[in-house]
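Residue-level listing of the chains:
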Amino acid sequence: MTAPAGAGAPVTAPAPSQVELERRLYRRQRGHRSVVVSVVSTLVVIAVVWLGVVNTPGWAAVQQSFFDPQTAIDTFPAVLLGLWLNIRILFFSAIGVAVLGTLLAVVRGLRNPVFFPLRMLATAYTDLFRGLPLIIVLYLVGFGIPGLGIFPRQPPEVWGTIAIVLTYSSYVAEVLRAGMEAVHPSQRLAARSLGLSHAGTLRLVVLPQAIRKVTPALMNDFVSMQKDVGLVSILGAVDAVRSAQIAQAETYNFTPYLVAGLLFVVISLPLIRVTDAIARRQQRREQIGGTV
C-alpha cells in the first residue's frame, strides 16, 4: 500500500517562471537606477546651494559668528549638560500629558446629561490652552503662580513642566477624542452586549482602537513637545538653550545656539523616523483593506 502523495514530505514552493525572474530583475535594476539618480541629484542640489551661500558677500562674517568649530568644541560639554535637563523635563511632561489628555478626552466623550458641567469645563480648558501660546503659559505659570505665595519655592523647571503639561494635554485630548469618535458605534454596542461596563468598554475596546488610529498624530505632538521644552529657559532653568545663551554672552559668538539646535535635532530624529514608519504601515493596511 503506497502512502498518499506528499505525505510526510516537505512542501516546496514552485520555482518562479522565466517571466517572473525577468520581472524581478527589471524591478531590481530600476530600483538601483532610482537610487543612483536620487543620490546624484541630491549632491548636485547641495553643491549648488553651498556654492551660492559661500559666494555671498557676508559669508565670512556669518561663518565666524555661527559656524566656528573651536567655539562649538569648547561649549559642547556645557550645552550637552543642559540638554539632560531638557530630557528630564520631557520625560515627566510626557507622563503628565498622557494622563491629563486622556482624562480630558474621556470627559468630553461622556454623553449623560448629568456630566454636562464636566464636559463644559473640559471644553473650556481645551479651548483656552489650545489658543494660548506656550510662551505666555510659561510666563503665567512660572511667574504668576509663585507670586501668589501659597506654594513653596520650586525650581523653574518644575513650573516649566507644569506649563508644558497644561498646554499639550489640550492638544492630545483633542487628538484622542477624534480617535475615539472614529471608532464605529457598533464596537461600543457589541462590548456592552457582552456585559462590559462603560468604563470597561472605554478601557478595553474604544481607547486601544482610538490610540492606534491617531498614533502618528500623537507622535507628531510629542515631537513638537521635544522642541518646546527648550522654552523653559525663559524661566531661568539652565537647560541647553540657556547654556548656549550663557556661552554666547561669554564668547560673543552664536555657534553655541547652533550646537543646541543640532542636539535637539539628534534627539528628535529617531521619533520622527518611527512616526513616518507607523504612518506608512497604516497606509499599507488601509490600501490592502486591513484593519486599522
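So, here is what we can say about the structure in this document. This is a predicted model, so every value here is computed, not measured. (Residues numbered from 1 in each chain as written. Predicted model: local features only at pLDDT ≥ 70, side-chain atom pairs only at ≥ 80, totals over all residues. Heavy atoms only, no water.)

Comments concerning the packing of aromatic side chains
- Evaluated as defined, the whole model comprises 9 aromatic pairs.
- Arranged with centres 4.7 Å apart and planes meeting at 45°, the rings of Y125 and F129 form a pair that is tilted. Here F129 and Y125 lie together in helix α4 (residues 116-131), a separation of 4 residues that amounts to about one turn.
- Judged by relative accessible area, which is 17%, Y125 ranks as buried.
- Relative to Y171, the ring of Y168 lies with its centre 5.2 Å away and its plane at 90°, an arrangement referred to as edge-to-face. (Phe/Tyr/Trp six-rings, centres within 6.5 Å; stacked < 30°, edge-to-face > 60°. Helix = DSSP H or I, 4+ residues; strand = E, 2+ residues; numbered from the N terminus. Buried < 20%, exposed > 50% of the residue type's maximum accessible area, 1.4 Å probe, protein only.)

As for the nonpolar core
- Of all hydrophobic cores here, the largest spans 44 residues; its most connected members are V79, I164 and M180.
- Contributing elements (two or more residues each) for this core: α3 (69-108), α4, α5 (134-147), α6 (156-182), α8 (198-213), α9 (215-228), α10 (240-251) and α11 (255-287).
- For this core, the leading source of residues is α6, giving 10 residues.
- Ignoring anything within four residues of it in the chain, the contact list for I164 reads I89, S93, V97, L134, S169, M225, D228, V229 and V232. (Core = buried A, V, L, I, M, F, W, Y, C linked by side-chain atoms within 4.5 Å. Contact = heavy atoms within 4.5 Å.)

A short note on α5
- Taking 1.5 Å per residue as the helical rise, α5 with its 14 residues ought to reach 20 Å, and the 19 Å between its terminal C-alpha atoms agrees with that figure.
- Listed in full, the buried residues belonging to α5 are L134, V137, L138, V141 and G142.
- Taken together, the buried residues of α5 touch α4, α6 and α9.
- Immediately downstream of α5, the backbone of G149 shows phi near 75°, a positive value. (Expected span 1.5 Å × (residues − 1).)

Side note on the packing of α3 against α10
- Look at α3 against α10: their axes get within 7 Å of each other, and the N-to-C directions meet at 150°. Classified by the angle their axes make, α3 and α10 are roughly antiparallel. Seen from above, α3 lies across α10 with right-handed handedness. Within the contact between the two elements, α3 uses T71, T75, A78, V79, G82, L83 and N86 and α10 uses A240, S243, A244, A247 and T251.
- Counted by class, the contact of α3 with α10 contains 6 nonpolar, 6 polar and no charged residues. (Axes fitted to C-alpha atoms, helices over the stretch in contact; angles between N-to-C directions. Parallel < 35°, antiparallel > 145°, perpendicular 65-115°, else oblique. Left-handed = near helix turned anticlockwise from the far one by under 90°. Nonpolar A, V, L, I, M, F, W, Y, C, P; charged D, E, K, R; others polar.)

What to know about a positive patch on the surface
- On the surface, R212, K213, R280, R281 and R284 cluster together into a patch of positive charge.
- Secondary structure elements with two or more residues in the positive patch: α8 and α11.
- Top element by residues in the positive patch is α11. It accounts for 3 residues.
- Mapped onto the fold, R280 is located in helix α11. (Patch = residues over 30% accessible without salt bridge, like charges linked within 9 Å, V, L, I, M, F, W, Y side chains within 5 Å. Areas by Shrake-Rupley, 256 points an atom, 1.4 Å probe, with all protein chains shown as cover. Salt bridge = Lys/Arg side-chain N within 4 Å of Asp/Glu carboxyl O. Lys, Arg positive; Asp, Glu negative; His and termini not counted. Charge placed at Lys NZ, Arg CZ, Asp CG, Glu CD.)

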